[in-house]
2 protein chains.
Amino acid sequence: MTKLHFEDVREGEIRELGSYRVSKDEMVAFAQRYDPQPIHVDESAAEASIYGGIIASGWYTAGVCMRLLVDGFLIDAASMGSFGLDELRWRAPVRPDDVISVRNEIVDARESTSRDDRGYVKNELTARNQDREEVLSWTATNIFLRKNSNA
Amino acid sequence: MTKLHFEDVREGEIRELGSYRVSKDEMVAFAQRYDPQPIHVDESAAEASIYGGIIASGWYTAGVCMRLLVDGFLIDAASMGSFGLDELRWRAPVRPDDVISVRNEIVDARESTSRDDRGYVKNELTARNQDREEVLSWTATNIFLRKNSNA
């Protein structure tokens, strides 16, 4: 299969990456391992908090978004990873049985000035719940191989 | 137990949050669920890549850092969550059996100007491997309750 290289993507491209229903069991299991704060793992503490019940760890929500981004875009791309993110924002709580939909927009694509085998693709990802309320957003820069590379 | 409120933390405070040895099984299991790119889940594809072998999903590394931050700091704090992160950076690959050490520094602490029950605590987290090489960093703003709050 021919993968998407740097030359195959363009600023302004928008991809709707599908949706995923989160379950309480899955969000709690994630938080027990990686973010065991009471609002994420302890039903009664969460009910007594300002949130009124269990909410997802923001890292779990990020993981769900990443899975949709990989399945719908990066798995088909000659991507070499990412330097990181700017402005990861948790904008509203994610609760059990929410359905999270993800959209990715390429906001910039530029060739590396120092290495001619790659380019940098800047992506803005947005996640919304079933009420179209924004729950998460991030800006990420990914490294894509150019067609002249040997990989 | 009395939790750490906004008034109990200070700009300039540094906390060494301990370390964690990552295993190949755990990083691959995480990536199979949340970031199934070949360099994270496919041994032979990873060996043929520029990385020369399996590397951790950056999201897994972030999860390990978060766990150390919760266990060593946030679990004792009257924290109400976080708006998000700025400048999450994956600076070097994390590989099986690396030992990741995490340090957190409070770089700013200011009262909310609109809500008198809370303040905003800005944290810079840095993770290094067993060779003291920086592998991840982030800046996060957490919401801490003030002592005059009812929570």
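Refer to the structure presented above.
This is a predicted model, so every value here is computed, not measured.

**Here's the deal with the overall build of chain A**
And then number 1: Helix and strand counts for chain A stand at four helices and five strands.
And then number 2: Each helix (α) and strand (β) of chain A, taken in turn from the N terminus, gives the series β-α-α-α-α-β-β-β-β.
And then number 3: Principal-axis analysis of the C-alpha atoms gives chain A an extent of 55 × 30 × 30 Å.
And then number 4: The 151 residues of chain A split such that 36% are buried.
And then number 5: Excluding contacts between residues fewer than 6 apart, the proportion of contacts in chain A whose partners are at least 24 apart in sequence is 71%.

**Remarks on the interface of chain B and chain A**
And then number 1: Contacts between chain B and chain A engage 24 residues on the former and 24 residues on the latter.
And then number 2: Secondary-structure elements contributing two or more residues to the side of chain B that touches chain A are α4 (58-72) and β2 (79-90) of chain B.
And then number 3: The dominant element in the side of chain B that touches chain A, judged by the number of residues it contributes, is β2 of chain B, at ten residues.
And then number 4: Among the residues forming the side of chain B that touches chain A, the class breakdown is 14 nonpolar, five polar and five charged.

**What about the relation of the copies chain B and chain A?**
And then number 1: Between chain B and chain A, the superposition needs a rotation of 180° and an axial shift of 0.0 Å, giving an RMSD of 0.0 Å. Both copies are brought into coincidence by an operation consistent with a two-fold rotation axis. Considering only C-alpha atoms, the residue of chain B closest to the rotation axis is Asp86 of chain B, which sits at 2.6 Å.
And then number 2: Looking at chain B, 100% of its interface residues are interface residues in chain A too, so the copies touch through the same face.

**Brief notes about the pairing of strand β4 (residues 118-128) of chain A**
Residue and element names in this part refer to chain A.
And then number 1: With ten bridges connecting them, strand β3 (residues 99-111) and β4 associate as antiparallel partners. Paired with Ile106 across the strands is Asn123, a residue of β4.
And then number 2: Here β3 folds back onto β4, and the loop between the two strands holds six residues.
And then number 3: Note: β4 against strand β5 (residues 134-145), eleven bridges, orientation antiparallel. From the neighbouring strand, Arg118 faces β5, where its bridge partner is Leu145.

**Examining the environment of Arg110 of chain A**
Residues and elements named next belong to chain A.
And then number 1: Checked against the element boundaries, Arg110 lands in strand β3.
And then number 2: Overall, Arg110 belongs to the exposed group, with 12 C-beta atoms counted inside 10 Å.
And then number 3: Sequence separation between Arg110 and Ala56 is 54 residues, and the spatial gap between their C-alpha atoms is 35 Å.
And then number 4: Setting aside residues up to four positions removed in sequence, Arg110 forms contacts with Gly119 and Tyr120.

**Digging into helix α1 (residues 24-34) of chain A**
Residues lying three or four places apart along an α-helix face the same way, a consequence of the helix completing one turn every 3.6 residues.
And then number 1: Among the residues making up α1 of chain A, those that are buried are Met27, Val28, Phe30, Ala31 and Tyr34 of chain A. Viewed along the axis of α1 of chain A, the buried residues span an arc of 160°, placing them on a single side of the element.
And then number 2: Each element contacted by the buried residues of α1 of chain A is listed here: α2 (38-41) and α4 (58-72) of chain A together with α4 of chain B.

**Notes on the packing of α4 of chain A against α4 of chain B**
And then number 1: Remark: α4 of chain A packs on α4 of chain B, axes separated minimally by 11 Å, with the N-to-C direction vectors making an angle of 175°. As judged from the angle between their axes, α4 of chain A and α4 of chain B are roughly antiparallel. Counted together, Trp59, Ala62, Gly63 and Met66 of chain A of α4 of chain A and Trp59, Ala62, Gly63 and Met66 of chain B of α4 of chain B form the full contact between these two elements.
And then number 2: Split by residue class, the contact of α4 of chain A with α4 of chain B holds six nonpolar, two polar and no charged.

**Thoughts on the pairing of strand β3 (residues 99-111) of chain B**
And then number 1: Of the pairings in the sheet, the one linking strand β1 (residues 14-21) of chain B to β3 of chain B comprises six bridges and is antiparallel in character. By the bridge assignment, Ser19 of chain B is partnered in β3 of chain B with Ser101 of chain B.

About the thresholds
- Residues numbered from 1 in each chain as written.
- Chains lettered and ligands numbered in written order.
- Predicted model: local features only at pLDDT ≥ 70, side-chain atom pairs only at ≥ 80, totals over all residues.
- Helix = DSSP H or I, 4+ residues; strand = E, 2+ residues; numbered from the N terminus.
- Buried ≥ 20, exposed ≤ 12 C-beta atoms within 10 Å, placed from the backbone.
- Contact = placed C-beta atoms within 7 Å.
- Nonpolar A, V, L, I, M, F, W, Y, C, P; charged D, E, K, R; others polar.
- Least-squares fit on C-alpha atoms with pLDDT ≥ 70 in both.
- Pairing = 2+ DSSP bridges.
- Arc of directions from axis to C-beta.
- Axes fitted to C-alpha atoms, helices over the stretch in contact; angles between N-to-C directions.
- Parallel < 35°, antiparallel > 145°, perpendicular 65-115°, else oblique.

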